[in-house]
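Geometric and topological summary
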Amino acid sequence: MTFDELGLSPAVLQAVTDAGYTTPTPIQEQAIPYVMMGRDVLGCAQTGTGKTAGFTLPMIDILSAGRAKARMPRSLILEPTRELAAQVGENFEIYGKHTKLSKALLIGGVSFGDQEKKLDRGVDVLIATPGRLLDHIERGKILLSDVKVLVIDEADRMLDMGFIPDIERIVGMLPKLRQTLFFSATMPPEIRKLADKFLMNPKEVSVSPPATVATTVRQGLAIVPAADKREALRRLIAREDVQSAIIFCNRKRDVDVLFKSLKSHGLDVGALHGDMVQSVRTETLERFKNGEIRLLVASDVAARGLDVDDLSHVFNFDVPTHPEDYVHRIGRTGRAGKSGAAFTLAAPDEGRLVAAIEQLSGKTIERIAVDDLTGDFSSDEDGGRRGRGRGRGGRGSPARGEGRGKRRPRETAPKAKPAVEAAPPVAVEAVAPVPQPPREDNVVQMPRERAHKPREERPQPEQRAETRPEHRGEHRHDDGHRGRGDDRRRDRNRERDLGPPVVGMGDHMPAFLMRPARGR
Ligand code: AMP
C-alpha cells in the first residue's frame, strides 16, 4: 500500500514525501483510513511503529477546515511525558508544514505565561501532559468545550504513572460528541475498561510490538551481585566498542548515582530522568543526539520519548520490572539491519524478572561472564541477599561502600560508614519482582513509627511509578507537581506514607527492650 491510497490531502502527502517516507507502516495503514472517516480508534501499538504519524497525518486534514477560537483548542493530545509531548509537537511541524494549523505545547518546566499567550491566540492542536493541562484549566485559561478530536497516547504508561484520575477528569470536561483515538502499547484489563468508557464503537487496530528483537542485536545477560553492577558495567563498556549507548535504570535515584559514578571514572556520560529541569533535559538530549555525549543514563519514562534509534549499545543496569520494557529498551539498537548489542546486568535476586522476559520473548538470553564478577540466580527469596557476599574478597561488604540495595537486619548492620560511591541504604525501594516477593524482614518488623521514613528518603513519584506496581493508581503529575487531590486521596497517600503493615515481634524481642529478671 502507498500513502496515496489512505485518503490524505495533497498537502499532507507532500509533507510525507518531504520526510522521505515511501510506504505507510502497518499501524498507519490500518488506522489512517478510519481516522479520516471520523471513527474512534483503539490502537494497540507502541513507539517505534509509526503510530504518531498514524494519528497526526489524518488529524492535520480533519482540522484543516475550521478556525480555532481563543482559549478553545480544537483538538487535544494527552501524552505521559514532556519528551513524548515535544516529539508529537515536532511531528505536527514536519507533517503540517504545508498547512496553517496552530499548535501549543503545555508541558511542565516551561513558563505559564508563554503557554497562555499561545492559548489566547487560539490553537488547533493542543498537546499536553495531564498535570500541566489541569493547572491551566484551574487557572481558568482554557476551555475544552470545543475539542473535536481527543488523542490519549501511551495509555498504559499513563496508568503506570498514576495519571488515570487526571485523564478521567479531563475527559469529563470534553464534549461527548467528539472523535477519540486511544493508543496503548499493551492492553491490560484496566486499560481496556478505560477504552470502553472513553470510546464509541471504536475500530480496533493492532500491530504486534517488535516483540522479537531484531536478530541483529547481540544480547547478553550477566548475573552479578548488586554491589558489583557498576564495576561490571564499566568493564563491559571498556571491552565493547561502544559508539553510543543508553544505560537504563529502573529508578531515578539510580540514574543519578550511576551517572555520578561513571562520570567520576572519566566516562563521557549524561543523565536523563523525570525530575530534572526541562532545559537540562533538552540540552542533554541534544548533546546525546549530536554525539557530544557517548553514554546516556536514563529511566524508562524519560527515555520513552527519545527518538534516538541509532544506538550501538543498550545496557540494562537493572532488569526492567515490566517484561515489555525489555523489548522496548533493547529495540533501540540494531535497527534497520544494523548490528547492535544489548547487555543486561541482573542481580541474583532478579531471576524472576529475567524469567518473565524470557517467557515473553520465548527465548533465553545468553548468559555472559564479566570476569570474576559473575554469580548465579538465587533459588529462593533470600538468595539475592546471600549472593551479594560472594566473589572477590570482601565484595558486597558495606565497608567497601557498595553494599546498597537492601538494608541488613538491624542486629547485624555494620556501623562502617559507606564510601563515596554508595547510594544511601534503602529498605523499601527494592525493585518489585513479579509476582511480589514478601517484604524485607527488617522493614516489616519495625514498629510503624520506625518504618516511617523522613520525606527526603522516601521514593519520589517517578520511582514509585516505575518500580512499584502497587502504586500504579497513584495521583502524580509529570512535572513532579502533586496534589489538588481531594481529602480521600490525601488520606490514602498519608496511609501509604506510614509505611508497610506492622508485624508484631512475636518471640523475637530485641535485647534492648528486655528488663533484667527481678532479684538480679
Ligand atoms: P513513532 O512510533 O511514531 O514514534 O515513530 C517512530 C519513527 O518512525 C519516527 O522517527 C518516525 O519519523 C518514523 N516513521 C513514521 N512513519 C514512517 C514511515 N511511514 N516510514 C518511515 N519512517 C516512519
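What comes next is a walk through the structure. Residue indices follow the written sequence of each chain, beginning from 1 at its first position. Totals for whole chains, interfaces and linings use every residue, but because this is a predicted model, local features are given only for residues with pLDDT of at least 70 and side-chain atom pairs only at 80 or more, for both listing and counting. Side-chain calculation: all heavy atoms of the structure are included, whereas hydrogens and water are not.

**Brief notes about the overall build of the protein**
Secondary structure elements follow DSSP: runs of H or I no shorter than four residues count as helices, runs of E no shorter than two count as strands, and numbering proceeds from the N terminus. If you tally the helices and strands in the protein, you get 20 helices and 13 strands. The buried label goes to any residue with under 20% of its type's maximum accessible area, the exposed label to any with over 50%, and the partly exposed label to all in between, with areas taken from a 1.4 Å probe on protein chains only. Among the 520 residues that make up the protein, the fraction classed as buried is 52%. Only heavy atoms matter for contacts: two residues are in contact if any of them lie within 4.5 Å across the pair. Here the contacts in the protein between residues at least 6 apart in sequence split such that 75% fall between residues at least 24 apart. For the accessible areas, the method is Shrake-Rupley and the probe is 1.4 Å, while residue cover comes only from the protein chains on display. Carbon and sulfur atoms make up 52% of the accessible area of the protein, which totals about 23,600 Å².

**Quick word on the nonpolar core**
By nonpolar core we mean a set of buried residues, namely Ala, Val, Leu, Ile, Met, Phe, Trp, Tyr and Cys, connected to one another through side-chain atoms within 4.5 Å. Leu76, Leu78, Leu126, Leu133, Ile152 and Phe182 are the most contacted members of the largest nonpolar core, which has 33 residues in total. At the level of elements, strand E2 (75–78), strand E3 (103–106), strand E4 (125–128), helix H6 (130–138), strand E5 (149–152), helix H7 (155–160), helix H8 (164–172) and helix H9 (189–198) are the ones that each hand at least two residues to this core. With near-sequence residues (within four places) excluded, leucine 133 lies in contact with Leu76, Leu78, Leu106, Leu126, Ala128, Ile142 and Ile170. Formed by 32 residues, the second largest nonpolar core is a distinct cluster that contains Val12, Val88, Leu181 and Val207.

**Focus on the site of the ligand**
Any residue with a heavy atom positioned within 4 Å of a molecule or strand is treated as near that molecule or strand. Neighbouring the ligand are 14 residues; Tyr21, Gln28, Gly48, Gly50 and Thr52 lie closest to it. By the criterion applied in these results, polar contacts are pairs of N or O atoms within 3.5 Å in which, for protein atoms, one can donate a hydrogen and the other can accept it, and in which residues neighboring in sequence qualify only through two side-chain atoms. Glutamine 28 is positioned such that a nitrogen or oxygen atom in its side chain is 2.7 Å from a nitrogen atom of the ligand. In the environment of the ligand, an oxygen atom lies 2.7 Å from a nitrogen or oxygen atom belonging to the backbone of glycine 50. Burial of the ligand by the protein chains amounts to 76% of its free accessible area of 500 Å². In this classification, the charged set is Asp, Glu, Lys and Arg, the nonpolar set is Ala, Val, Leu, Ile, Met, Phe, Trp, Tyr, Cys and Pro, and all remaining amino acids, among them Gly, are polar. Of the residues in the shell around the ligand, the class split is three nonpolar, nine polar and two charged.

Function cannot be read off these values alone, since they describe shape.
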